[in-house]
Amino acid sequence: MSNYSVPKKVNESANRPCKVSALFALIFVLSSFLMANKPVVAQTLSLEQALQLAIQYDPLLKGNAHRKDRFNAEAEASSYWANPQVSASVQNLPTDGFAFDQEPMTQFKVGLKQQLPRGDENLYSQQKYQVMADQMSVESQARKAWLKREVTLTWLDWVYATRRIGLLDKEKSLLTQLLDFTDSRYSQGVGAAAQQDILQVRLALLSLDDKYVQAYQQKSEARSALSKWFGAPLDDSVSAPLAQSTQESTLSYPKRIELDAILNDSNLSLSSFLTVIESSEPFSILQHHPEATLLKIQTQIEAQNLNIAREQTKSQWAFEASYGYRQDAQNGASRADFVSLGVQVDLPLFNKSRQDASIAAAASKMSASETDFRLKVNELAANAEVLKSRLSALSERKALYETALIGETQQLSEAELTAYTTDTGDIGDVVNANLKQVQVQDDLLKIDIERARTLASLAYLYLPTHAHFSNKE
């Protein structure tokens, strides 16, 4: 229950000085309640800092670095032949005396065998692992772009909830001042003030409780979601950055976010970035997006697998050489040593059906990867078109609010206040008019945040591709 009470109406005549004093107080409140509060000194987490921390502590990026080293090592290892085989044996040793010089066929034999790769299998394996190492670099680029988008969206949710609480504070301050003013008028018997006027303001104050609960819940959830990118909860002293001065309005803040963080690594201004978006044909330019490039690289990997499968149809050769030592005979006769040379080759003639099936499977997998690439490009381009349309609509709404709605609601609030102070209006109209001002400002904040979210998503699509073409130039 509220602590506000409705006083009994007195029958005294209106106290003119009190009325004038209360009126000036109310006019001052109504003319200043929408101005930004002075900033509180606190440790803030900017978007740029959040992005740097998320990239710095991301486990997947660190894992990709290790995987790239692994594939580079695999590429080097696959370029070598198989290890040579050394054999040693005593051959034709007689069992009736086990004498090494008893029989002329007895010999100590040492052999060396080297197996060669099957066709160019090693070359294709080396190329495959080199492509897989390159894939890790592109995957890291895609991960960084994805991290920037996700952290930005979460951070904007946090900023929105924080700033909305500030708007609710202003709304509460306004309603409190209205309650005091109405209470004073009712107590002094000024005009047509009645208990219903006080109750309407009290009801509006009580309805703020639910708004506060929702706003704090959104803030807590966004803060928790943001902390997952850092591997630890955010410190309680860390807060979302707000406007830096009373002259800086809510409207300009999302624009500053866009320029300072969303486009931070692109060397593009907001206008230049919008020009890039409008002048680019998404189905062509987004073929170079990291998500699409990953599938293109996967196609290259599958092409190497196809080459390896084809090499399996070729024969595999092996060369061997051996030296056989014989001891002189027991009667002193000399015995010559032996040298042997040999070639081995397998004949992959009896498993042709299996080899053909393996080749067909590898070819189908490569074709499927090419299809996945085209599907991904279509998906990215469609998302880009949707985001461009959304950005255009949000820009129109933003212009409408800034050029018309804000001014109109302010004039309405002033007119309702004038009417009420001259006993020709209703307190409910005054409250609703001023609450409408807060609602319009809240709606504009939503538009600005949603516009920043849309730009973050467009930056995820276009900035990596823009960097690709910039590096080529």
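What you are looking at is a predicted structure, and each value in this text was computed from that prediction instead of being measured.

## Here's the deal with the overall build of the protein
Counting its secondary structure elements, the protein contains eleven helices and six strands. Residues counted as buried form 40% of the 473 residues belonging to the protein. Summarising the internal contacts of the protein: among those between residues at least 6 apart in sequence, 83% fall at separations of at least 24. Carbon and sulfur atoms make up 53% of the accessible area of the protein, which totals about 25,700 Å².

## Observations regarding the packing of helix α9 (residues 290-311) against helix α10 (residues 352-421)
Relative to each other, α9 and α10 sit at 170°, their axes nearing to 9 Å. It follows that α9 is roughly antiparallel to α10 by the angle criterion. Here the residues of the contact of α9 with α10 are counted per class, giving twelve nonpolar, five polar and eight charged.

## Considering the environment of L268
Of note, L268 is situated in the loop between α6 (252-262) and α7 (270-279). According to the relative accessible area criterion, L268 is buried, its value standing at 16%. Spatially, the C-alpha atom of L268 lies 9.4 Å from that of L463, the residues being 195 residues apart in sequence. Residues contacting L268, with those up to four places away along its chain left out, are L263, F273, V276, L463 and H466.

## Quick word on the pattern of salt bridges
Scanning the entire structure with this criterion turns up 13 salt bridges. The salt bridge involving K376 is made with E291; its shortest N-O contact spans 3.1 Å. With a gap of 85 residues between them, K376 in helix α10 and E291 in helix α9 connect regions that are remote in the sequence. Note on K376: relative accessible area 18%, which makes it buried. Accessibility expressed as a relative area gives 23% for E291, which makes it partly exposed. A salt bridge links D356 to K352, with the shortest nitrogen-to-oxygen separation between them at 2.9 Å. On the criterion of helical spacing, the pair formed by D356 and K352 is a turn pair, its members being four residues apart in helix α10. The exposure class assigned to D356 is partly exposed, which follows from its relative accessible area of 37%. Of the residues examined, K352 reaches a relative accessible area of 51% and is grouped as exposed. Connected through salt bridges with shared partners, the residues D157, E450 and R453 form a single ionic network.

## Comments concerning α10
A rise of 1.5 Å per residue sets the reference length of α10, with its 70 residues, at 104 Å; its end C-alpha atoms lie 99 Å apart and thus fit the reference within 8%. Of all the bends found along α10, the most pronounced is centred on Y401 and spans about 45°. Downstream of α10 by a residue or two, D423 has a phi angle that is positive, lying close to 60°.

## Overview of a nonpolar patch on the surface
A cluster of nonpolar side chains, namely V86, V90, L93, F98, F108, V110, L112, Y323, Y325, V339 and L341, defines an oily patch on the protein surface of about 1,100 Å² accessible area. Within the residue set of the nonpolar patch, elements represented by two or more residues are β2 (85-91), β3 (107-115), β5 (317-325) and β6 (338-345). Counting residues per element, the nonpolar patch draws most heavily on β3, at three residues. Looking at V90, the relative accessible area reads 46%, which means it is partly exposed.

## Considering the pairing of β3
Examined bridge by bridge, β2 and β3 share seven bridges and lie antiparallel to one another. Bridging from a neighbouring strand, Q91 pairs with Q107 of β3. Relative to β5, β3 runs antiparallel, the two being bridged by eight bridges. Across the sheet, the residue bridging to Q115 is A318, located in β5.

## Quick word on the packing of aromatic side chains
Scanning the model with the defined rule gives four aromatic pairs in all. With 5.6 Å between their ring centres and 75° between their planes, W146 and W229 make a pair best called edge-to-face. Remark: W229 occurs in the loop between α5 (195-227) and β4 (238-239) and W146 occurs in helix α4 (residues 121-188); sequence separation between them is 83 residues. A centroid spacing of 6.2 Å and a plane angle of 25° characterise the contact between Y212 and Y216, whose relative ring orientation is stacked.

## Quick look at the pairing of β5
Across eight bridges, the pairing between β5 and β6 is antiparallel. Paired with G324 across the bridge in β6 is F338.

## Regarding the environment of R164
Relative to the assigned elements, R164 resides in helix α4. The exposure class assigned to R164 is buried, which follows from its relative accessible area of 14%. Once you skip the residues sitting within four places of it in the chain, R164 turns out to touch K211, A215, D442 and L445.

## Focus on the sheet that holds β3
Pairing is antiparallel across the open sheet formed by four strands, whose spatial order is β2-β3-β5-β6. What marks the edges here is a single partner per strand, and that holds for β2 and β6. Neighbour-to-neighbour, the strand axes of the sheet open up by a mean angle of 20°, direction not taken into account.

## Re unusual backbone geometry
Located in the positive-phi region is N92, a residue other than glycine, with phi close to 60°. Relative to the elements of secondary structure, N92 occurs in the loop between β2 and β3.

## As for the nonpolar core
Judged by nonpolar contacts, the single largest core of 53 residues is most densely connected at W158, L226 and F273. Broken down by secondary-structure element, the contributors of at least two residues to this core are α2 (47-56), α4, α5, α6, α7, α10 and α11 (427-472). Each residue touching W158, except ones within four places of it in the same chain, is listed here: L45, K219, A222, R223, L226, L234, V238, S239 and A240. Counting residues in hydrophobic clusters, the runner-up holds 18 residues, among them L168, L178, L179 and L208.

## Topic: the confidence of the model for the protein
For the protein, mean pLDDT is 82; residues scoring 70 or higher make up 84% of the total. Contacts of residues 1-42 to residues separated by more than four positions or lying in other chains number 68 contacts, the stretch itself having pLDDT below 50.

Parameters at a glance
Residues numbered from 1 in each chain as written. Predicted model: local features only at pLDDT ≥ 70, side-chain atom pairs only at ≥ 80, totals over all residues. Heavy atoms only, no water. Helix = DSSP H or I, 4+ residues; strand = E, 2+ residues; numbered from the N terminus. Buried < 20%, exposed > 50% of the residue type's maximum accessible area, 1.4 Å probe, protein only. Contact = heavy atoms within 4.5 Å. Areas by Shrake-Rupley, 256 points an atom, 1.4 Å probe, with all protein chains shown as cover. Axes fitted to C-alpha atoms, helices over the stretch in contact; angles between N-to-C directions. Parallel < 35°, antiparallel > 145°, perpendicular 65-115°, else oblique. Nonpolar A, V, L, I, M, F, W, Y, C, P; charged D, E, K, R; others polar. Salt bridge = Lys/Arg side-chain N within 4 Å of Asp/Glu carboxyl O. Expected span 1.5 Å × (residues − 1). Bend = angle between axes of the 7 residues up to and from the residue. Patch = residues over 30% accessible without salt bridge, like charges linked within 9 Å, V, L, I, M, F, W, Y side chains within 5 Å. Pairing = 2+ DSSP bridges. Phe/Tyr/Trp six-rings, centres within 6.5 Å; stacked < 30°, edge-to-face > 60°. Core = buried A, V, L, I, M, F, W, Y, C linked by side-chain atoms within 4.5 Å. pLDDT = per-residue confidence, 0-100.

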